[in-house]
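# Fold and geometry: a report
So the chains spell out like this:
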Amino acid sequence: MIIIGEKINGTIPSVKRAIEQKDEEFIRNLALKQAEAGADYLDVCASTSPDVEVDTLLWLMGIVQDAVDTPLCIDSPNPLVIEKVFPYAKRPGLINSVSEEGGKCEIIFPIIKGTKWEVIALTCDSRGIPKDTQTRVDITKVMVEKALTYDITPDRIHIDPLVMALSADNQSLLNFVETLKEVKTLYPTIKVTSGLSNISFGMPLRKVVNQHFLTLAIDAGMDSAILDPCNRDIVTTLFVTDALLGKDRFCRNYLNAFRKNKIGPVKIDV
């Protein structure tokens with residue numbers, strides 16, 4: 001399971017304050033904690049007003065890259081912002097994101113051509129997020145075909161079927177799984193990802209909903225997720241699910257995680 005650490009995001013109130021106060025130590029600690037917890041990528045998202053987004057994103061990228069070697073997931077809804085900050089990434093990472101909205105593919109695909117960068121591709125277009133599976137699959141086909149013209153193969157693409165909030169759509173998980181399976185039938189090497197907490201908006205016991213969604217999505221074939229790698233309950237769910245699905249030989253990863261105090265009750269050295 002590919003873990004994309006979600007915690008350096010200006011939509012989170014504490015991170016927003018750190019950005020406003022230029023609190024480098026706060027951002028550095030978030031990077032270190034997520035890297036130590038095993039994140040494969042660290043999402044960096046400014047979520048500021050457009051006039052300062054580039055400068056803010058460069059500031060975040062600089063702090064994170066000085067603190068850890070974990071690749072970045074450069075996150076902005078504006079592809080022109082990503083294009084401007086992209087040259088300042090020290091190593092190949094992940095772009096978040098492209099879609100069939102507003103010519104985003106045509107801006108992002110050229111800059112990652114000939115590199116090892118990967119990209120998250122959202123199954124939406126200028127009409128918004130489709131409710132039906134077939135339209136999401138059709139959008140995926142268009143983006144994959146565009147990517148191939150830039151020599152970007154499906155194994156470098158993380159398709160996000162955009163799981164809807166369960167509180168608004170009772171078929172949300174089922175639609176996600178159906179889209180995932182159809183996309184993987186078409187492109188066996190493609191990756192499927194999701195923002196883990198999206199499904200629980202408007203629900204009580206959100207953490208529990210997220211955990212069960214994660215288990216079911218991994219079972220269906222989800223490859224990566226944007227989540228909090230420091231959340232012990234979520235991390236425990238990852239290790240347990242892999243063990244139950246036979247992906248963890250002799251449960252070695254699960255047992256090692258327990259011994260290293262990564263899962264289970266927090267052990268305090270006396």
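As the structure is a computational prediction, the values presented were derived from the model and not from experiment.

## Some words on the UniProt feature "domain: Pterin-binding" (unreviewed entry) in the chain
UniProt records the feature "domain: Pterin-binding" (unreviewed entry) for residues 1–245 in the present numbering. Its end C-alpha atoms 13 Å apart, residues 1–245 is made of 47% helix and 17% strand.

## Thoughts on the packing of helix α2 (residues 24–36) against helix α3 (residues 50–67)
Viewed as axis vectors pointing N to C, α2 and α3 meet at an angle of 55°, and their least axial separation amounts to 9 Å. Accordingly, the angle class assigned to the pair α2 and α3 is oblique. Relative to α3, α2 is oriented so that their crossing is right-handed. When α2 is examined against α3, the residues Glu 24, Ile 27, Arg 28, Ala 31 and Leu 32 are found in contact with a partner set consisting of Trp 59, Leu 60, Ile 63, Val 64 and Ala 67. Taken together, the residues that form the contact of α2 with α3 break down as eight nonpolar, no polar and two charged.

## Comments concerning helix α5 (residues 104–112)
Among the nine residues in α5, seven count as buried, and that is most of the element. Here the buried face of α5 lies against α4 (79–85), β4 (94–100), β5 (118–125) and α6 (133–148). Two residues or fewer after α5 comes Gly 114, characterised by a positive phi angle close to 75°.

## Side note on the nonpolar core
Core analysis: the largest hydrophobic core is formed by 67 residues, its most contacted members being Ile 27, Val 64, Ile 74, Ile 95, Ile 112, Ile 157 and Phe 176. In terms of residue count, the dominant contributor to this core is α3 (seven residues). Ile 112 has contacts with Phe 86, Ile 95, Trp 117, Val 119, Ile 152 and Arg 156, leaving out every residue within four places of it along the chain. Listed in part, the nine residues of the second largest apolar core include Leu 94, Ile 120, Leu 122 and Ile 226.

## Some remarks on the environment of Phe 201
Here Phe 201 shows up in the loop between β7 (191–192) and α8 (206–220). Phe 201 sits in the partly exposed class, given a relative accessible area of 42%. Sequence separation of Phe 201 and Ala 168 is 33 residues, and the distance between their C-alpha atoms is 8.8 Å.

## Digging into the layout of surface pockets
Estimates place the volume of the largest pocket at around 780 Å³. Along the wall of the largest pocket there are 30 residues; nearest its centre are Asn 9, Asp 75, Asn 96, Asn 198 and Ile 226. Every element with two or more residues in the lining of the largest pocket is listed here: β1 (2–9), β2 (41–45), α3, β4 and β5. Of the residues in the lining of the largest pocket, the class split is 12 nonpolar, 11 polar and seven charged. There is about 280 Å³ of room inside the second largest pocket.

Conventions used here
- Residues numbered from 1 in each chain as written.
- Predicted model: local features only at pLDDT ≥ 70, side-chain atom pairs only at ≥ 80, totals over all residues.
- Heavy atoms only, no water.
- UniProt positions renumbered as here; feature names shortened; annotations may be inferred.
- Helix = DSSP H or I, 4+ residues; strand = E, 2+ residues; numbered from the N terminus.
- Axes fitted to C-alpha atoms, helices over the stretch in contact; angles between N-to-C directions.
- Parallel < 35°, antiparallel > 145°, perpendicular 65-115°, else oblique.
- Left-handed = near helix turned anticlockwise from the far one by under 90°.
- Contact = heavy atoms within 4.5 Å.
- Nonpolar A, V, L, I, M, F, W, Y, C, P; charged D, E, K, R; others polar.
- Buried < 20%, exposed > 50% of the residue type's maximum accessible area, 1.4 Å probe, protein only.
- Core = buried A, V, L, I, M, F, W, Y, C linked by side-chain atoms within 4.5 Å.
- 1 Å grid on protein atoms, 1.4 Å probe; cavity = no way out; pocket = protein on both sides within 12 Å on 5 of 7 lines; lining within 4 Å.
- Points joined across faces, edges and corners; volume = space filled by probe spheres on them.

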